[in-house]
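Below are the chains, spelled out letter by letter.
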Amino acid sequence: MPCTPNAGNSNNARNVNTDGTLNNNNAYNGNRGVRPDLEEFATEYGEEPESREPQQRRAYPSRMGKHKIADVKASADGALTISGKEVFILHEDHTSLSDFERMADFNNLYAAYLDARKGKRWKLAVARFEVNVLENITYIHYMLTTKKYKLSPYNCFMVHEPKERLIMYNSFRDKIVQHSLCDNVLEPRLQKTFILDNYASQKGKGTHFGLGRLKKFMRDYYRHYGADGWVLKCDVKKYFYSIDHDILKSQIRRHIHDPDVLWLIDMIIDSTEGKGIPIGNHTSQWFAVLYLSGMDHFIKEQLRIKYYGRYMDDFYLIHHDKEYLKYCLSEILKYVEKLDLELNGKTSIFPLYQGIDFLGFRTYMTESGKVVQKIRRDSKNRIRRKLKKFRKLLDEGRIDFENILASYTSWTGHAGHGNSHHLIRRMDELFYSLFSKELEGYHGKTNINVERWRRREIGQYEV
């Protein structure tokens, strides 16, 4: 008897071929149980390969019909039919899809679900969605393609750091739709229209990219004009709450022409009454970046300001002529008035040597041309208050030390992008004084630079 697994089982017909040889296509060998190709098998024995209509078993949501599991047939053009009714189209070539079809595609919705759940899998709403994830995503696809999709009501809460803001967010299902809309339509259509020095909400950019550009601008300015110069620093008053819906829709229609996508975008924009867009929406970030994009081109191309950068509603202009910056300010005021916006009281013109508060750092230039970036004072005070509050919450059992360590490590990583070596050492000393017992008993894999609390020695404290 051959010594092969399951060889003694007379019911295992897959172990022996018709000519008496062993069949190696089972789960115990390298083929992993894959059946042989039928066309090769038929050709080998001189038979015509059997032409069959592609058919597969596919899970289907009960909300769309009486069948939870149904035999789904796929035709040559990719249409899926169930019980003789065409339900939706499977597209192989994604380059031929419209913007809406790409956004509502099952694979793209699933990728959006994976992005939306990052850091949130512990939440109850995400866990409920994940239990029947394929059925839920198929249902979202159906609701979008049949135009039955509607936004769920918003939930609201207030944040008080760094300033008081109203945050509005909707259901996890809506987050998936908005992630897919941003990744497959808004980002590819809008990002190519932005200038390089528009830093917010774009891959490859962000706060540290903006700080690097500001440092480059100051070095280049020093080579051309020296250390003397002027800065126009502007900030829009209540930016997200002041965006006009009709103006925003007209701007979007210059770049997006798919009527189905516009139907969805208009629904999201009009989900709040009056002016403004919700800060908690994923789409709101792209809408806010777009809303002032025309002003970016106006400042760069018509006012001819070379040293200009903007992060959402916060922007600066650097120039050697103070009077010209006054003229620029008057033109900017006219432009933002057309958008139904206004600048707040922090807008001002000041000498370049005073430095620029931008993206959490104060960036200034010395007489020798060296550019220095230091954490703003309010950020220093905020992290001190935060660490002391963490100590209190830890004593009450309302927070884990791992979360405290992750938050502090994140802050030191951000501060490390500037000239903050001595500041980080002082913060390490405060952190070690507050959490010395937890550090000694912690066995995670991380390093923290600390000033020894008792011996006052600087070194690596491995935890």
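Cut-offs applied
- Residues numbered from 1 in each chain as written.
- Predicted model: local features only at pLDDT ≥ 70, side-chain atom pairs only at ≥ 80, totals over all residues.
- Heavy atoms only, no water.
- Helix = DSSP H or I, 4+ residues; strand = E, 2+ residues; numbered from the N terminus.
- Buried < 20%, exposed > 50% of the residue type's maximum accessible area, 1.4 Å probe, protein only.
- Contact = heavy atoms within 4.5 Å.
- Areas by Shrake-Rupley, 256 points an atom, 1.4 Å probe, with all protein chains shown as cover.
- Pairing = 2+ DSSP bridges.
- Axes fitted to C-alpha atoms, helices over the stretch in contact; angles between N-to-C directions.
- Patch = residues over 30% accessible without salt bridge, like charges linked within 9 Å, V, L, I, M, F, W, Y side chains within 5 Å.
- Salt bridge = Lys/Arg side-chain N within 4 Å of Asp/Glu carboxyl O.
- Expected span 1.5 Å × (residues − 1).
- Bend = angle between axes of the 7 residues up to and from the residue.
- Core = buried A, V, L, I, M, F, W, Y, C linked by side-chain atoms within 4.5 Å.

> Is there a simple way to think about the overall build of the protein in this case?
Scanning the protein from terminus to terminus reveals 16 helices and 15 strands. For the protein, the residues scored as buried account for 43% of the 463 residues in total. The contacts in the protein between residues at least 6 apart in sequence include a share of 58% that link residues at least 24 apart. When the accessible surface of the protein is summed, it comes to about 26600 Å², and 49% of that surface belongs to carbon and sulfur atoms.

> Mind showing me how you'd approach the environment of Asp235 here?
You can see Asp235 is positioned in strand 7 (residues 230-235). With 77 residues separating them in the primary sequence, Asp235 and Met312 have C-alpha atoms 9.3 Å apart.

> Explanation requested: the sheet that holds strand 10 (residues 348-351) in the structure shown.
Sheet strands associate in pairs through backbone hydrogen bonding, adopting either a parallel or an antiparallel arrangement. Across the sheet, which stays open at both edges, the 4 strands sit in the order 8-9-7-10 with antiparallel pairing between neighbours. Each of the sheet's edge strands pairs with one partner strand only, and the pair in question is strand 8 (307-311) and strand 10. Averaged over neighbouring strand pairs, the angle between their axes works out to 15° when direction is ignored. Sheet strands touched by helix 12 (residues 293-302): strand 8 and strand 9 (314-319). Its angle to strand 8, the strand with the most contacts, is close to 175°.

> Quick question: what am I supposed to make of a nonpolar patch on the surface here?
Among the surface-exposed residues, Met158, Leu166 and Tyr241 lie close enough to one another that they form a single nonpolar patch of about 250 Å² accessible area. Inspection of the secondary structure puts Met158 in strand 5 (residues 155-159).

> Whenever I open this one, helix 16 (residues 421-440) confuses me. Can you help?
One full turn of an α-helix is made of 3.6 residues, so residues set three or four places apart face in the same direction. Helix length check: helix 16 (20 residues) gives 24 Å between terminal C-alpha atoms against 28 Å at 1.5 Å per residue, more than 12% under. Within helix 16, the axis deviates most sharply at Leu434, by approximately 70°. Three or more residues of helix 16 are buried, namely Leu423, Ile424, Met427, Asp428, Glu429, Leu430, Phe431, Tyr432, Phe435 and Leu439.

> Would you mind going over the nonpolar core with me for this structure?
Core analysis: the largest hydrophobic core is formed by 72 residues, its most contacted members being Tyr239, Ile299, Phe315, Leu317 and Ile332. By residue number, the principal contributor to this core is helix 6 (residues 172-190), which donates 8 residues. Core analysis: the next-biggest nonpolar cluster, separate from the first, contains 39 residues, Phe217, Tyr221, Tyr307 and Leu393 among them.

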